[in-house]
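# Working through the structure, step by step
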Amino acid sequence: MRIGIDVGGTNTDAVLLDGDRVLATVKSPTTPEVTGGVVAAISAVLTGSGVPPGAVTAVMIGTTHFVNALVEGARLAPTAAVRLGLPAAASLPPMVDWPARLRAALSPADGEPAVYQCHGGHEYDGRPISPLDPEELRRTAADIAARGVRSVAISSIFSPVSADDELRAAEILAAELGPEIHLSLSHDIGRVGLLPRENATIVNAALRDLAVQIVEAFTRSLTEAGITAPLFLSQNDGTLMDVEHARRHPVATFASGPTNSMRGAAYLSGLTDCAVVDIGGTTADVGMLVGGFPREASGEAELAGVRTNFRIPDVLSLGIGGGSLVDLITPTVGPRSVGYQLTEKALVFGGDTLTATDLAVAAGRAEIGDPSHIAHLERTKVEAALAHIAERIAETVDRMRTSPGPIPVVAVGGGSVLVGDTLPGFPDVRRPDHYAVANAIGAAIAQVGGEVDRVFQIPEGHRDTVLAEAKAEAIAHAEKAGARPNSVTIVDVEEVPLAYLPGGATRIRVKAVGDLDLTRLEESRA
Amino acid sequence: MREIKPEQLEDMARGAGILGTGGGGDPYVGKLLAQQAMREHGPVTIVDINEVPADATVVAISGMGAPTVSLEKLPAGTEEVTALRALEKTLNRRATHLMPIEVGGLNSMVPFIAAAQTGLPLVDGDAMGRAFPEAQMVLPALIGVTVAPMAVADDKGNTLVLQTVSNLWTERLARTACVEMGCSVSCADTVMRGDQLAESLVPATLTLAENLGRAVREARTAHTDPVEAAADMLNGVRLLTGKVVDVQRRTSGGFARGDARLEGIGTDTNRTLELSFQNEHLLARRDGEIIATTPDLICVLDTDTGEPVTTENMRYGLRVTVLGVPCDPRWLTPGGIELAGPRYFGYETDHVSLPT
């Protein structure tokens, strides 16, 4: 049995799954102090189902803590960035394209960013740019220590092709700075593209202290709830990482929210290719599921003004949600919303604000609060406003679709009562059971993944061999991450020959996923 | 003559990306490099072609290599000036002005690095009016200006000066050296006298790039159509607004080639457009009929934001608008077509005029 939990800014949702069956669900307010809300959610699903804590085999948590910390520029540790590659890249030091506010937030007490450029790094084909200089790294370590910094990001040019220098530099820095030092290595974090990969690594390093605290708080929550089963965190691509990995890679949780909603929608509806509309209190987020996984956005992702290059789901957001303010005359809905104050402000809850939720109740689409408060609303105007919502959501889905053929639409999230059984141009709209907690379901059903993304040299006529190697490597990564060996399949292969570059250099990305090996987990616990 | 400050490069880089017709590399890192150099050494002066004295020595500064590599192995920052000094030593005279070889993509920004570091003025114009993949594809070649002597410098400090018998040899030797040097090098070449510029450069293209980038940004802020703003600025024709539904890639002859298929949306519903690209977009077929070819510009823009979409970033599901933009008329002369017409790139078709 698995428990899936989604810790959002407003609500903490939890579900208890037994194989394919949803045994219990709960939506409870997120608490400022992490543990309380999680314990309450776990207790609620266990009590609701009568399942003893000992029967739970795994707990999966999706969290927005880390991305919020970056957005707020708070709870970030002073961080050093060490780049290997001189003389190359000297022109643009680490953090050169960061917003000043965040650069300051990561600087040690002396106020100057702790950035260092050293020798090392590789060419695109793995040849060294310059030899690593251990003495230079020892001097760098001494400076880092003197400035009181305890978390270090190491990036080396073309480390996705050869990670040797990052690993050797990490050994040297660890030997100099002691076992307490946090080291984040760029080849673990991102893909080709030095600045965005280095940026993601620095963000990760800055979150390492917080990651230790949050993971510890989650672990304590499980203990308090009487659960001894292992804990996993959701990653951006919808796969899981264990606690040890999560402590070292907090940045991998950044886009897990929308991913979990979409994966949960796929599971609940039984569809693998469809549009997903996740309607919350303030926004409707529209994404596409392709083969059971969210379609990913192209290019780089800017987070709080920092350019990074991990893949995140392609999601279009629309300012319409359950708490959206409604003007019946025009009619307009959103983008302003009462947000988390829905249960105080909405008319059905005895408040004084007409919200989208009131429309859904007035039209008989939902039974929420007290319908007598909205009896005075003119029926034709309510219908017109709901038609307006349907049109705008349909328009957004249409922009996301990639073929003119009919596609089903799955509506999830607490605000999905706003849409009916059809949308203009989309005759098949489904709102599956447990739609309000799709994100927690997405966390609970997550699989384990492995990825390869780097530049390969493909000799003439050897494309198949190289591709097979890359696939085998991705599968091995998935198994190492805890996937049951015979369950691993390749879900994505992408080959992009490098432009303006003769000689068969090709960037290959392969992603493999498999089911979490719960038996192996139980054996290892026994 | 006017001064360019670091913040003006934002608009210029956006416009240069559009003029790159899907190639030329993402100007983002080039812009950061140029801005960093300008903060350190001061602003750059750009001059109109007619402000350059007849006896001036004008040198083109550019980068060569794979854009993917240049996004990973960032330059040392010394490459451009090292190449320039090596070339000057061969010429036995100093450059008085610098110029961009192409306005499309990364190479619109690279000369700003050298101009900031040396204090030399930069000519507002370029040798293509767009981006092309090979060194010999420049308008000055039509009046007999050679690319060589060409100096090449890498991040490690290696330099090389090429003296060749033809532009094709220059391209071939430089490309080979570039790969050995790590696939991202800087070049100083295509030496011209001031009085040759009017005949062989596309004028005021840096200003065009800046105006284009500004128009797109302002349209976005005003919530009007940024693609329309770009089309107006370029006298471009909207070929199709649609979604990318298929992308096929292959490597042949050392270059990344591919095709993308778009299905129309909105007023273009039920139409299709096929794009053929080799680093840049070179050919467009609408509903099976060829409607645009190199050397005209085929610009692919994100329909919502007006941001350029590079051939490397063409992906299933992107919502884009394709614009056809007329090239400089000198490209349509027999010599120009021979250098950069569709047949040079292996497409069995003559140049086709853009629809009106």
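Keep in mind it's a predicted model, so treat the numbers as computed, not measured.

## Description of the overall build of chain A
- A tally of regular secondary structure across chain A gives 16 helices and 23 strands.
- For a compact globule of 526 residues, the expected C-alpha radius of gyration is about 24 Å, and chain A comes in at 25 Å, within 12% of that figure.
- Taken across its 526 residues, chain A has 57% of its residues classed as buried.
- Residue pairs at least 24 apart in sequence account for 68% of intrachain contacts in chain A once pairs closer than 6 positions are excluded.
- As displayed, chain A offers around 20000 Å² of accessible surface, 52% of which is attributable to carbon and sulfur atoms.
- Considering chain A, the positive charge centre built from 43 side chains and the negative charge centre built from 64 side chains are found 1 Å apart.

## Concerning the domain arrangement of chain B
Residue and element names in this part refer to chain B.
- In terms of domains, chain B is made up of domain 1 (2-203) and domain 2 (225-340).
- The straight-line distance from the C-alpha centre of domain 1 to that of domain 2 is 25 Å.
- Facing 32 residues of domain 1, the contacting portion of domain 2 comprises 27 residues.
- In total, about 2100 Å² of surface goes out of reach between domain 1 and domain 2, with carbon and sulfur atoms giving 64% of it.
- Linking domain 1 to domain 2 there are 1 salt bridge.
- A salt bridge links E307 to R14; the shortest N-O distance between them is 3.2 Å.
- The interface formed by domain 1 and domain 2 holds 9 residue pairs in polar contact (both at pLDDT 80 or more) in total.
- If you list the elements that add at least two residues to the side of domain 1 that touches domain 2, you get α1 (9-19), α3 (67-72), α7 (197-200) and β10 (202-203).
- When residues of the side of domain 1 that touches domain 2 are assigned to their parent elements, the largest contribution, 4 residues, is made by α1.

## Considering the packing of helix α8 (residues 205-221) of chain B against helix α9 (residues 226-234) of chain B
Residue and element names in this part refer to chain B.
- Where α8 contacts α9, the axes come no closer than 8 Å and their chain directions differ by 155°. Classified by the interaxial angle, the pair formed by α8 and α9 is roughly antiparallel. Considering how the two elements wind past one another, α8 and α9 form a crossing that is right-handed. Across from L208, N211, L212, A215, V216 and A219 in α8, the residues of α9 making contact are P226, A229, A230, M233 and L234.
- By residue class, the composition of the contact of α8 with α9 is 10 nonpolar, 1 polar and no charged.

## Quick notes on the pattern of salt bridges
- Overall, the coordinates contain 45 salt bridges over all chains when judged by the stated rule.
- Residues D515 of chain A and R484 of chain A are paired through a salt bridge, measuring 3.5 Å at the closest nitrogen-oxygen approach. Taken together, the residues D515 of chain A in the loop between β23 (505-514) and α16 (518-525) and R484 of chain A in the loop between α15 (463-480) and β22 (489-497) connect sequence positions 31 residues apart.
- The class of R484 of chain A is partly exposed, set by a relative accessible area of 33%.
- It is possible to trace a salt-bridge network through shared partners that takes in E123 of chain A together with K73, D154, D155 and K156 of chain B.

## Quick word on the packing of aromatic side chains
Residue and element names in this part refer to chain B.
- Across all of its chains, the model carries 3 aromatic pairs over all chains by this definition.
- Ring centres of F132 and W331 lie 5.1 Å apart, and the angle between their planes is 75°; this geometry places the pair in the edge-to-face category. Separated by 199 residues along the polypeptide, F132 in the loop between β6 (125-126) and β7 (150-153) and W331 in the loop between β17 (319-325) and α10 (334-340) bring together distant segments of the chain. The pair formed by F132 and W331 is uniform in burial state, with each residue classed as buried.

## A short note on the interface of chain B and chain A
- Tallying the contact residues gives 48 residues for chain B and 47 residues for chain A.
- Note on chain B versus chain A: buried area summed over both sides is about 4000 Å², and carbon and sulfur give 58% of it.
- On the surface where chain B and chain A come into contact, there are 3 salt bridges.
- Between R197 of chain A and E72 of chain B there is a salt bridge whose closest N-O contact spans 2.7 Å.
- Between the two partners, chain B and chain A, sit 16 residue pairs in polar contact (both at pLDDT 80 or more).
- Among the elements of the structure, α2 (27-41), α3, α6 (167-180), β11 (237-252) and β12 (255-264) of chain B are those that each provide at least two residues to the side of chain B that touches chain A.
- A per-class count over the side of chain B that touches chain A returns 20 nonpolar, 12 polar and 16 charged.

Here is what the cut-offs are and how they apply
Residues numbered from 1 in each chain as written. Chains lettered and ligands numbered in written order. Predicted model: local features only at pLDDT ≥ 70, side-chain atom pairs only at ≥ 80, totals over all residues. Heavy atoms only, no water. Helix = DSSP H or I, 4+ residues; strand = E, 2+ residues; numbered from the N terminus. Rg over C-alpha atoms; globule rule 2.2 N^0.38 Å. Buried < 20%, exposed > 50% of the residue type's maximum accessible area, 1.4 Å probe, protein only. Contact = heavy atoms within 4.5 Å. Areas by Shrake-Rupley, 256 points an atom, 1.4 Å probe, with all protein chains shown as cover. Lys, Arg positive; Asp, Glu negative; His and termini not counted. Charge placed at Lys NZ, Arg CZ, Asp CG, Glu CD. Domains from an automatic or database assignment. Buried area = accessible area lost by both parts, 1.4 Å probe. Salt bridge = Lys/Arg side-chain N within 4 Å of Asp/Glu carboxyl O. Polar contact = N/O pair within 3.5 Å; in protein donor to acceptor, adjacent residues only side chain to side chain. Axes fitted to C-alpha atoms, helices over the stretch in contact; angles between N-to-C directions. Parallel < 35°, antiparallel > 145°, perpendicular 65-115°, else oblique. Left-handed = near helix turned anticlockwise from the far one by under 90°. Nonpolar A, V, L, I, M, F, W, Y, C, P; charged D, E, K, R; others polar. Phe/Tyr/Trp six-rings, centres within 6.5 Å; stacked < 30°, edge-to-face > 60°.

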